Amino acid sequence: MVRCFCGIVKAEMSNENSDNIVLSAHRQVVDHLDMIVSEKRLVHSYIFVGLAGMGKDIIARHFMRSLLCTTSSSGGCKECQVCRLLSSGSSPDLFRLDVMEGETQISIDSVREWQRKLHQKPVFSQFKIGFISEAERLSAGAAHALLKTLEEPPDNTIIIMLVPSPENLLPTIVSRSQSLYLPSLSEKDLSRLLVPYCDEETAKIVTQLSARRPRRAAQLLADEAEIAAVKEAIEESYVLLGATEFDRLQRINNRLTGDFGENKIAAQKMAEAVVVAARDALLAQVGASAAAHLRGYQASTQQVSQRLEMNDLLRGLENLLLLERKWEVNANPRLAIESLLLNI
Ligand SMILES: [Zn+2]
């Protein structure tokens, strides 16, 4: 048993538990993938679309094991050599295309080298996989080079790409692939999936803090310190949203000279916290019952909802979603967070 800030976490959040939450959350997509593998109705290229924290990587790993494992077509057996090599990231039938260290985009040279490797014969399995875990980082030249692989795919090759939004890819890449969307869940559905691992109150709070994203929720459950950090960021978001424009500018400037200046993850977490606070304030404006709000923040929510017009909040949320989709190409977190908060 582990103490949590608001209750008892019933079970340690192992990788397996985390995988189970994500796979159950996206059951329809998983069932579809299992079916196309067992019925051998595969196309050459798949795109998993979902914002950070939805669990694209876990779904992709499940699909890869289904494709490569020789004993099970539903997520693999997880025990054979093929599955173990896949889990450790050293499968000879998996070819990753990643951003090179020190660079921000996938270069055309990396694509060409990867394309050469894709012509090798599979070692253990019927298929080999070309995996692009951050396809939004393909440079324009790299994306055009990739098109060639999609137009004339090497034999027995399945390409799997992960992106936050289809807008991150060339329309011609999207049209030559099958896209599978991983949406956020309803609060009720995600809370229900978390309850085997924690008490109901914790499940509800983690669901809200994670913006109903299953992988993010599992990560929060695994780390009490992370929950505390998110709560702190949300408290700060209420202060920012409730402040006058001048005061907000001052506060943003203070923070930007600190850790947000260069730290994209810190800025990204702040942006996530702002969306939770803005959403709560909107709920208060439309008269949602207290049960819908984040516990412990009712007074701050009321204050923000009285200070800001509904249109301001809606525009802020819209900006945030746009920002999130374009986050990877926006190299400067300072500019991103500044434009978000000053446009509310
Ligand atoms: Zn296996």
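Description of the structure in this document. Note that this is a predicted model, so its numbers are computed, not measured. (Residues numbered from 1 in each chain as written. Predicted model: local features only at pLDDT ≥ 70, side-chain atom pairs only at ≥ 80, totals over all residues.)

1. Concerning the environment of Ser 24
Logical step 1: Following the sequence through the fold, Ser 24 ends up in helix H1 (residues 15–25).
Logical step 2: Judged by C-beta crowding, with 16 C-beta atoms within 10 Å, Ser 24 ranks as partly exposed.
Logical step 3: Taking the C-alpha atoms as reference points, Ser 24 and Leu 190, 166 residues apart in sequence, are found 9.4 Å from one another. (Helix = DSSP H or I, 4+ residues; strand = E, 2+ residues; numbered from the N terminus. Buried ≥ 20, exposed ≤ 12 C-beta atoms within 10 Å, placed from the backbone.)

2. A look at the sheet that holds strand E6 (residues 157–163)
The pairing of strands in a sheet happens through backbone hydrogen bonds and is either parallel or antiparallel.
Logical step 1: Strands sit in the order E4-E5-E6-E3-E7 across an open sheet of 5 strands; the sheet is parallel. Because the sheet does not close on itself, it has two edges, and the strands there are strand E4 (94–96) and strand E7 (178–181). Strand-to-strand twist in this sheet, taken as the mean axis angle between neighbours without regard to direction, amounts to 20 degrees.
Logical step 2: Where strand E3 (residues 45–49) and E7 come together, 4 bridges link them in parallel fashion. In the sheet register, Val 49 faces E7, and the bridge partner there is Tyr 181.
Logical step 3: With respect to the sheet, helix H3 (residues 56–68) is in contact with E3, E4, strand E5 (128–132) and E6, its orientation differing from that of E6 by roughly 170 degrees. (Pairing = 2+ DSSP bridges. Axes fitted to C-alpha atoms, helices over the stretch in contact; angles between N-to-C directions. Contact = placed C-beta atoms within 7 Å.)

3. A word on helix H6 (residues 140–151)
Logical step 1: Over its 12 residues, H6 extends 17 Å from the first C-alpha to the last, a length consistent with the 16 Å expected when each residue adds 1.5 Å.
Logical step 2: The inward-facing, buried residues of H6 contact helix H5 (108–117), E6 and helix H7 (171–175). (Expected span 1.5 Å × (residues − 1).)

4. Digging into the environment of Ser 175
Logical step 1: One can find Ser 175 in helix H7.
Logical step 2: C-beta crowding within 10 Å serves as the criterion here: with 10 such atoms nearby, Ser 175 is assigned to the exposed category.
Logical step 3: In this structure, the C-alpha to C-alpha distance between Ser 175 and Leu 150, residues 25 residues apart in sequence, is 10.0 Å.

5. Regarding the packing of H1 against H3
A packed helix pair is summarised by two numbers, namely the angle formed by the two axes and the spacing between the axes.
Logical step 1: At their nearest, the axes of H1 and H3 sit 9 Å apart, and the two run at 90 degrees to each other. One element, H1, and the other, H3, form an angle in the roughly perpendicular class. Listed contacts from H3 to Asp 19, Val 22 and Leu 23 of H1 are Ile 58, Ile 59 and His 62. (Parallel < 35°, antiparallel > 145°, perpendicular 65-115°, else oblique.)

6. Focus on unusual backbone geometry
Logical step 1: The residue Asn 156 is not glycine, and still its phi comes out positive at about 50 degrees.
Logical step 2: Topologically, Asn 156 is positioned in the loop between H6 and E6.
Logical step 3: For Asn 156, a count of 15 C-beta atoms within 10 Å puts it in the partly exposed group.
Logical step 4: Phi at Ala 211 takes a positive value of approximately 55 degrees, unusual for a residue other than glycine.

7. Let's talk about the packing of helix H8 (residues 187–194) against helix H9 (residues 200–209)
Logical step 1: Two elements in contact, H8 and H9, have axes separated by 9 Å at closest approach and are oriented at 125 degrees. It follows that H8 is oblique to H9 by the angle criterion. Crossing geometry of H8 relative to H9 is assigned as right-handed. Contacts between H8 and H9 involve Glu 187, Leu 190, Ser 191 and Leu 194 on the former and, on the latter, Ala 203, Lys 204, Val 206, Thr 207 and Gln 208.
Logical step 2: Residue composition of the contact of H8 with H9, by class: 4 nonpolar, 3 polar and 2 charged. (Left-handed = near helix turned anticlockwise from the far one by under 90°. Nonpolar A, V, L, I, M, F, W, Y, C, P; charged D, E, K, R; others polar.)

8. Focus on the pairing of E5
Side-chain positions along a regular strand alternate between the two faces of the sheet.
Logical step 1: Counted residue by residue, E5 has 5 buried out of 5 residues, so it is predominantly covered.
Logical step 2: Side chains of E5 alternate between two faces, with Lys 128, Gly 130 and Ile 132 and Ile 129 and Phe 131 buried alike.
Logical step 3: With 3 bridges connecting them, E4 and E5 associate as parallel partners. When the sheet's bridge partners are listed, Phe 95 is paired in E5 with Gly 130.
Logical step 4: Since E4 and E5 lie parallel, the crossover through H5 that links them has a hand, and here it is right-handed.
Logical step 5: Where E5 lies against E6, 5 bridges are found, and the strand directions are parallel. Note on E6: the bridge partner recorded for Lys 128 is Thr 157. (Right-handed = clockwise from strand over helix to strand, strands pointing away.)

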